[in-house]
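# Structural overview for review
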Amino acid sequence: NMDTDPGWTYEGQWAWGVPQGNQGDPSSGYTGSNVVGYNLAGSYPNNLPETYCTTQSFDCSTAGNVYFSFYKWLGIESSTWDHASIDISNNGGSSWNQIWDHTGGSTSGGSWEYVEFDISTWAAGYSDVQIRWVMGTTDSSVTYCGWNVDDVLVSFTQPCDPPTPTPNPCIHDGDVNMSGSL
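Below, the structure is looked at part by part.

Definitions and limits used
- Residues numbered from 1 in each chain as written.
- Predicted model: local features only at pLDDT ≥ 70, side-chain atom pairs only at ≥ 80, totals over all residues.
- Heavy atoms only, no water.
- Phe/Tyr/Trp six-rings, centres within 6.5 Å; stacked < 30°, edge-to-face > 60°.
- Helix = DSSP H or I, 4+ residues; strand = E, 2+ residues; numbered from the N terminus.
- Buried < 20%, exposed > 50% of the residue type's maximum accessible area, 1.4 Å probe, protein only.
- Lys NZ or Arg CZ within 6 Å of the ring centre and 35° of its normal.
- Pairing = 2+ DSSP bridges.
- Axes fitted to C-alpha atoms, helices over the stretch in contact; angles between N-to-C directions.

## With respect to the packing of aromatic side chains
Summed over the entire model, instances satisfying the criterion amount to twelve aromatic pairs. Geometrically, the ring pair formed by Tyr30 and Tyr71 is stacked, given 3.6 Å between the ring centres and 10° between the ring planes. Of this pair, Tyr30 sits in the loop between β2 (14-17) and β3 (35-38) while Tyr71 is found in strand β5 (residues 65-72), placing the two residues 41 residues apart along the sequence. Aromatic pair Phe68 and Phe117: ring centres 6.0 Å apart, planes at 25°, arrangement stacked. On the criterion of sequence distance, the pair formed by Phe68 in strand β5 and Phe117 in strand β8 (residues 113-118) is long-range, its members being 49 residues apart. Assessed through its relative accessible area of 0%, Phe68 is described here as buried. What links up through ring pairs into an aromatic cluster is the set Trp8, Phe68, Phe70, Trp100, Phe117, Trp133 and Trp147. Across from the ring centre of Tyr52, 3.9 Å away, lies the NZ or CZ of Arg132, which sits over that ring.

This is the structure we're talking about:
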């Protein structure tokens, strides 16, 4: 929930803290005061290369299904010129797969939006999973507030163990406390 710094790897102007509410940024998190975002004091810059905020590794080796959710406040110019995306790695960051990419027109942010992804394809059964938010590339004009994220959650289900069958013959059928009377 970003009450404390999650300890992720922040490149460039990625940071944890209280957003300043400047140039389209929120003035607090979805819950609480803090967020992780790109430039908490304003907009992303022009001519920005891809810049990352990367989680620590987490273990999904026993997972059947894996889900990734969070609240986003994202202001970004049209995908023709500026880019924001989310990547996932299941090998400790050696290679990455894109799970979301901003497409379409410009959006100024302006409200928190809940998003959820089924990341089972990339995470279930893997012990070294990481997620990263990407800010950039951007062109040489027009900027927005960029990424702000809060209430990040990775959850998973595990396969159930098969039930233990009742031994045959069941000699205490119906005698719950085994007192000899029903």
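## Some points on the pairing of strand β9 (residues 130-135)
Judged by how many residues are buried, β9 sits mostly within the fold: six of six residues are covered. Side-chain alternation along β9 places Gln130, Arg132 and Val134 on one buried face and Ile131, Trp133 and Met135 on a second face that is also buried. By the bridge criterion, four bridges tie strand β4 (residues 51-54) to β9 in an arrangement that is antiparallel. When the sheet's bridge partners are listed, Cys53 is paired in β9 with Trp133. Where strand β6 (residues 84-89) lies against β9, six bridges are found, and the strand directions are antiparallel. Within the sheet, the bridge partner assigned to Ile86 lies in β9 and is Trp133.

## Structural notes on the sheet that holds β8
Overall, antiparallel pairing links the five strands, which are arranged β2-β3-β10-β5-β8 in an open sheet. Each edge of the open sheet carries a strand with a single partner, namely β2 and β8. In this sheet, adjacent strand axes meet at a mean angle of 30° when their direction is disregarded. In terms of strand pairing, β5 meets β8 through six bridges, oriented antiparallel. Looking at the pairing, Tyr71 lines up with Tyr114 of β8.

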